[in-house]
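# Commentary on secondary and tertiary structure
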Amino acid sequence: MNPDDSTAVFFQSVSKSFGAKEVLHEVSFNVAAGEALCILGRSGTGKSVTLKLIIALLRPDAGKIWIEQDEITTLKTEELSRVRRKIGFLFQDAALFDSFTLYENLSLPLARLTSKSQEEIDSMVVKVLREVGLAADKKTMPSQLSGGMRKRAGLARALVLEPKILLADEPVSGLDRITASEIDELLLQQKTERQTTLIMVTHDVHGARRVGDRFVVFDHGHLVAYGTAAEVESSDNETARQLISLSS
Ligand SMILES: Nc1ncnc2c1ncn2[C@@H]1O[C@H](COP(=O)(O)OP(=O)(O)OP(=O)(O)O)[C@@H](O)[C@H]1O
Ligand SMILES: [Mg+2]
């Protein structure tokens, strides 16, 4: 397998350990531009680590990682910033700046990283906040938001720069079913209307099957299944079959 013109993210034999603990062992997968990949796996199997490797918050011990045509494991800081600009990241814990209002959390990256006017920034922030159902909370501080609202605020911040590639770490965990399906729809809309490449870690198999085109399953550091829902369902790996099963 090699990256080609349609590649958004490509892992080639990526391994990552922390001390003596090997979290990922020679993991390879390809995500085509515009595709939605869902990463499934039990807790502690390296799903969040995988997303952090994509944005180069962590570096692999071995293997190569391509973002489109750039192999990022050898890139210098400035080059890496250029590649990172293509990527939006919803962290598992939302990672908002606690001393800034919601409006500031969204407008600061736009002011810092784009040449947009104040009016343009204003309308983009308002639009994204409306999309995630937080239009009334422009002036709210992150500490005053509920867990679910923080999640949606984190998603708004990931979306406001209109990334080509969106990484979402458990975007619906802790949300009620109705809000969760609204978030799933929003993610799906990003994919269908903006052709955003989506890589989502989730424990919610219903949402995963609604949004995902393809799935990878991690277990004990290994990628144990990779393919469409139907392919993972008929995998010979039992953990993979259980995780993709709608009755789980
Ligand atoms: N910066 C780090 N330093 C040391 N160990 C780490 C670090 N980040 C992750 N790990 C370890 O790597 C393993 C995988 O962590 P990761 O966060 O990727 O799990 P996960 O699959 O996202 O789990 P969950 O579903 O609970 O979020 C865990 O054992 C974790 O303790
Ligand atoms: Mg995680």
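Above this text is the structure in question.
Conventions we followed
Every chain is numbered on its own, with residues counted from 1 as its sequence reads. Both sets of labels track the order of writing: A upward for chains, 1 upward for ligands. Residue-level local features of this predicted model are given only where pLDDT is at least 70; pairs of side-chain atoms are given and counted only at 80 or more, and the full residue set underlies all totals for whole chains, interfaces and linings. Note: side-chain values were computed over all heavy atoms of the structure, leaving out hydrogens and water. Labels follow the DSSP assignment, with helices taken as runs of H or I lasting at least four residues and strands as runs of E lasting at least two, numbered in each case from the N terminus. By definition in these notes, contact holds between two residues if any of their heavy atoms fall within 4.5 Å. Each accessible area is a Shrake-Rupley result for a 1.4 Å probe, and residues are judged covered by the shown protein chains and nothing else. For this count, His and the chain ends are skipped, Lys and Arg are scored as positive, and Asp and Glu as negative. A charge is said to be at NZ when it belongs to Lys, at CZ for Arg, at CG for Asp and at CD for Glu. Only protein chains enter the accessibility calculation, which uses a 1.4 Å probe; a residue is then buried when its area is under 20% of its type maximum, exposed when over 50%, and partly exposed in between. Patch membership requires more than 30% relative accessible area and the absence of a salt bridge. Residues of like charge join within 9 Å; the nonpolar side chains Val, Leu, Ile, Met, Phe, Trp and Tyr join within 5 Å. Each reported salt bridge corresponds to a side-chain nitrogen of Lys or Arg within 4 Å of a carboxyl oxygen of Asp or Glu. For every element, the axis is a line fit to its C-alpha atoms; helices are fit only across the contacting stretch, and the angle between N-to-C directions ranges from 0 to 180 degrees. Angular relationships are summarised with four words: roughly parallel below 35 degrees, roughly antiparallel beyond 145, roughly perpendicular across 65 to 115, and oblique for the angles in between. The hand of a helix crossing depends on one turn: near helix anticlockwise from the far one by less than a right angle means left-handed, and clockwise means right-handed. Here the term charged refers only to Asp, Glu, Lys and Arg, the term nonpolar to Ala, Val, Leu, Ile, Met, Phe, Trp, Tyr, Cys and Pro, and the term polar to all other amino acids, Gly among them. Here, proximity means that at least one heavy atom of the residue falls within 4 Å of the molecule or strand. Any N or O atom pair separated by 3.5 Å or less is treated as a polar contact, with the protein-specific requirement of one donor-capable and one acceptor-capable atom, and with residues adjacent in sequence counted only for side-chain atom pairs.

## Re the overall build of the protein
- Assigned secondary structure in the protein consists of nine helices and ten strands.
- Taken over the C-alpha atoms alone, the protein extends approximately 50 × 45 × 35 Å along its principal axes.
- Once local pairs closer than 6 in sequence are excluded, the contacts in the protein between residues at least 24 apart make up 63%.
- For the protein, the computed accessible surface area is about 11600 Å², with 49% contributed by carbon and sulfur atoms.
- Side chains of the protein carry 30 positive and 34 negative charges; the gap between the two charge centres is 3 Å.

## Re the side chain of Ser 107
- Inspection of the secondary structure puts Ser 107 in helix α3 (residues 102–113).
- Among the residues examined, Ser 107 registers a relative accessible area of 8% and is labelled buried.

## Brief notes about a nonpolar patch on the surface
- Taken together, the side chains of Phe 97, Phe 100 and Leu 108 define a hydrophobic patch exposed on the protein surface, amounting to about 260 Å² of accessible area.
- Here Phe 100 is to be found in the loop between β6 (87–90) and α3.
- For Phe 100, a relative accessible area of 30% corresponds to the partly exposed category.

## Let's talk about the packing of α3 against helix α4 (residues 118–131)
- Across the interface, α3 lies against α4 with an axial gap of 10 Å and an inter-helix angle of 130°. It follows that α3 is oblique to α4 by the angle criterion. Every pair of crossing elements has a handedness; the one defined by α3 and α4 is right-handed. Across from Leu 102, Tyr 103, Leu 106, Ser 107, Leu 110 and Ala 111 in α3, the residues of α4 making contact are Gln 118, Ile 121, Asp 122, Met 124, Val 125, Val 128 and Leu 129.
- When grouped by side-chain class, the residues that make up the contact of α3 with α4 number ten nonpolar, two polar and one charged.

## Focus: the pattern of salt bridges
- Under the criterion given, the structure shown has twelve salt bridges.
- In this structure, Arg 150 engages Asp 98 in a salt bridge whose closest nitrogen and oxygen atoms are separated by 3.9 Å. Note that Arg 150 is positioned in helix α5 (residues 147–159) and Asp 98 in the loop between β6 and α3, a separation of 52 residues in sequence.
- Arg 150 sits in the partly exposed class, given a relative accessible area of 22%.
- Taken together, the shared-partner salt bridges in this structure form one network comprising Glu 68, Asp 70, Glu 79, Arg 82, Lys 86 and Lys 164.

## Some details on the site of ligand 1
- Lining the immediate environment of ligand 1, one finds 14 residues, of which Ser 43, Gly 44, Lys 47, Ser 48 and Val 49 sit closest.
- A distance of 2.7 Å separates an oxygen atom of ligand 1 from a polar atom in the side chain of Lys 47.
- Relative to its free-state accessible area of 640 Å², ligand 1 is covered by the protein chains to the extent of 63%.
- Of all elements in the fold, only β2 (21–32) and α1 (47–54) reach the threshold of two or more residues within the shell around ligand 1.

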